[in-house]
Amino acid sequence: STGISTKMKAIDYIYKKIKEEETQKSTEVKFKDYADNFYVWGKCAYIKRQHAKGRSISKTHAAGRRSHLINHIFPRFGKTLLQDLNAIEVENWLVGLPLANGTKNDILYSFGIILREAKRERLIASNPLDDVERMADLYREHDPFSLEDIKKLFPTDEKKLIEIWRHPKWAVMNYIMLTTGMRCGEAGAVQWKHVIWDLNGLLVLKAITADNIIGPTKGNEKRAVIMPTRTRELLAWWRDQSPYNELEHFIFFGQDGKTHLNAKTIGRKIPPAMVRADIEIGDRWLSAHSLRHTYNTRLQKLLPEAMLRYMIGHKSRAMTKRYTHITPEERLVELQSALSQIDTAWE
């Protein structure tokens, strides 16, 4: 029917026809139409395939990727045909977004997965985002709170303490994170049964995960931490006021004693408290995670390294060192013990 009489010419003819059909298909598909169900839990074919292969993609992870589409990619490229997407246009758009570089890279990754799937389905010949350079990773460490900051945030006067935190629950929760090094998700998962009163201890066994459920701690490391005397006293003070203080109740509950908080809710309590405490931030990066950095920085001078690493939940010395903020002047004091050895080198 085609007039082709040899096998090689027939194969070449078929390949050309397939390519023509693929080109025709891609010219008809707009990006939003193709990606309409992408990262939608229960509908996204890509996620279902990853799960079938044993790869873990959580609802929270999928929701984050979906937000990249809804908030950024669809508004700009939703009506663009798949074949018309090009690296330069995407790169210029990405550079101009008023977002942190890390967020831009996340958006680029979400975008790239979709176009990789389009290539896999032969809707486009190549993925144009393969030629888009990632933004520089400008990671910045959290700063610790100073002793003056701590006194302002957690005054000994109970009335002033509540003025700053608006509720004893938030005051006690944040002071516990400061003085035990617990992560936000770990503090939100602590129940009254985890308090060992006669040993001034807290058991850190669970955490609120990224999916907003109670699960294992980071690294699945169960540990115990020592509470300073004031922390223990504040916790007892909160227990006397809390409407939910049975052993199975969450200490820092959500709607009721059996409902946990959202970890993001925990982290949002620090910024307004800093404003009310009149803390000058300057160029420092202070957040709820800074409480953990502060704990590590202050305790590293007092505790054996192995003990500190155990209580803060670090597996490596390098990670603990990252959380330690010591000035060159403080290091100089520590180095004084080596002065005699250094002197002998030049005698």
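My aim in this report is to walk through the structure given alongside it, one point at a time. The model shown is predicted, which means the values in this text are computed figures rather than measured ones.

Let's shift gears to the nonpolar core. Within the largest apolar cluster, 51 residues are counted, with the highest numbers of intra-cluster contacts made by Leu153, Trp165, Leu235 and Phe252. With eight residues, the single largest contributor to this core is helix α9 (residues 168-180). In contact with Leu153, other than residues within four places in its own chain, are Phe145, Leu161, Ile164, Trp165, Ala273, Met274, Ala277 and Ile279. The next biggest cluster of nonpolar side chains, apart from the first, holds 33 residues, and it includes Phe31, Leu69, Leu108 and Ile124.

Next up on the list: a positive patch on the surface. On the surface, Lys53, Arg55, Arg116 and Arg120 cluster together to form a positively charged patch. With respect to the helices and strands, Lys53 occurs in the loop between α3 (45-52) and α4 (59-77). Exposure remark for Lys53: the relative accessible area of 52% places this residue in the exposed category.

Our next topic: the pattern of salt bridges. One pass over the structure, following the stated rule, counts eight salt bridges. Of the charged contacts, one joins Lys32 and Asp36 as a salt bridge, the two residues approaching to 3.4 Å between their closest N and O atoms. Classification of Lys32 by relative accessible area gives partly exposed; the value is 36%. For Asp149, the salt bridge identified is with Arg284, shortest N-O distance 2.7 Å. Of the two residues, Asp149 sits in helix α7 (residues 147-153) while Arg284 sits in the loop between α13 (270-276) and α14 (288-299), which places them 135 residues apart along the sequence. Judged by relative accessible area, which is 6%, Asp149 ranks as buried. On the basis of relative accessibility, which here comes to 23%, the residue Arg284 falls in the partly exposed class. Within this structure, Arg183, Glu186 and Arg223 form a network of salt bridges that share partners.

Pairing is antiparallel in the open sheet, where three strands are placed in the order β1-β2-β5. Because the sheet does not close on itself, it has two edges, and the strands there are β1 (195-196) and β5 (223-226). In this structure, β1 lies alongside strand β2 (residues 201-204), joined through two bridges in antiparallel fashion. Along β2, the bridge assignment pairs Val195 with Leu202.

Turning next to the side chain of Asn174. The residue Asn174 is located in helix α9 in this model. In this structure Asn174 comes out as buried when scored by relative accessible area, which is 0%. Once residues within four sequence positions are removed from consideration, Asn174 is found in contact with Phe154, Trp165, Lys269, Ile270 and Leu291.

What follows concerns the environment of Ile57. The residue Ile57 is located in the loop between α3 and α4 in this model. If near-sequence neighbours (up to four positions away) are discounted, Ile57 is found in contact with Trp41, Tyr46, Ile47, Gln50, His51 and Ala62.

This paragraph deals with helix α11 (residues 229-241). In a regular helix each residue adds 1.5 Å, so 13 residues correspond to 18 Å; α11 covers 19 Å between its end C-alpha atoms and thus fits that length. For α11, every residue scored as buried is listed here: Thr231, Leu234, Leu235, Ala236, Trp237 and Trp238. Each element contacted by the buried residues of α11 is listed here: α8 (158-165), α9 and β1.

Attention shifts here to the side chain of Thr80. When you line up the elements, Thr80 lands in the loop between α4 and α5 (87-96). Apart from residues no more than four positions distant in its own chain, Thr80 is found in contact with Val29, Lys30, Phe31 and Leu85.

All right, on to a nonpolar patch on the surface then. Taken together, the side chains of Ile4, Tyr13 and Ile14 define a hydrophobic patch exposed on the protein surface, amounting to about 230 Å² of accessible area. Its location among the elements puts Ile4 in the segment before α1 (7-28).

For the rest of this paragraph, the subject is the layout of surface pockets. Approximately 550 Å³ is the volume found for the largest pocket. Arg183, Cys184, Gly185, Ile208 and Ala263 are the residues nearest the centre of the largest pocket, which is lined by 23 residues in total. Those elements that provide at least two residues to the lining of the largest pocket are α10 (184-189), β3 (207-208), α12 (263-267) and α14. Its residues assigned to classes, the lining of the largest pocket comprises nine nonpolar, eight polar and six charged.

How each quantity is defined
- Residues numbered from 1 in each chain as written.
- Predicted model: local features only at pLDDT ≥ 70, side-chain atom pairs only at ≥ 80, totals over all residues.
- Heavy atoms only, no water.
- Core = buried A, V, L, I, M, F, W, Y, C linked by side-chain atoms within 4.5 Å.
- Buried < 20%, exposed > 50% of the residue type's maximum accessible area, 1.4 Å probe, protein only.
- Helix = DSSP H or I, 4+ residues; strand = E, 2+ residues; numbered from the N terminus.
- Contact = heavy atoms within 4.5 Å.
- Patch = residues over 30% accessible without salt bridge, like charges linked within 9 Å, V, L, I, M, F, W, Y side chains within 5 Å.
- Areas by Shrake-Rupley, 256 points an atom, 1.4 Å probe, with all protein chains shown as cover.
- Salt bridge = Lys/Arg side-chain N within 4 Å of Asp/Glu carboxyl O.
- Lys, Arg positive; Asp, Glu negative; His and termini not counted.
- Charge placed at Lys NZ, Arg CZ, Asp CG, Glu CD.
- Pairing = 2+ DSSP bridges.
- Expected span 1.5 Å × (residues − 1).
- 1 Å grid on protein atoms, 1.4 Å probe; cavity = no way out; pocket = protein on both sides within 12 Å on 5 of 7 lines; lining within 4 Å.
- Points joined across faces, edges and corners; volume = space filled by probe spheres on them.
- Nonpolar A, V, L, I, M, F, W, Y, C, P; charged D, E, K, R; others polar.

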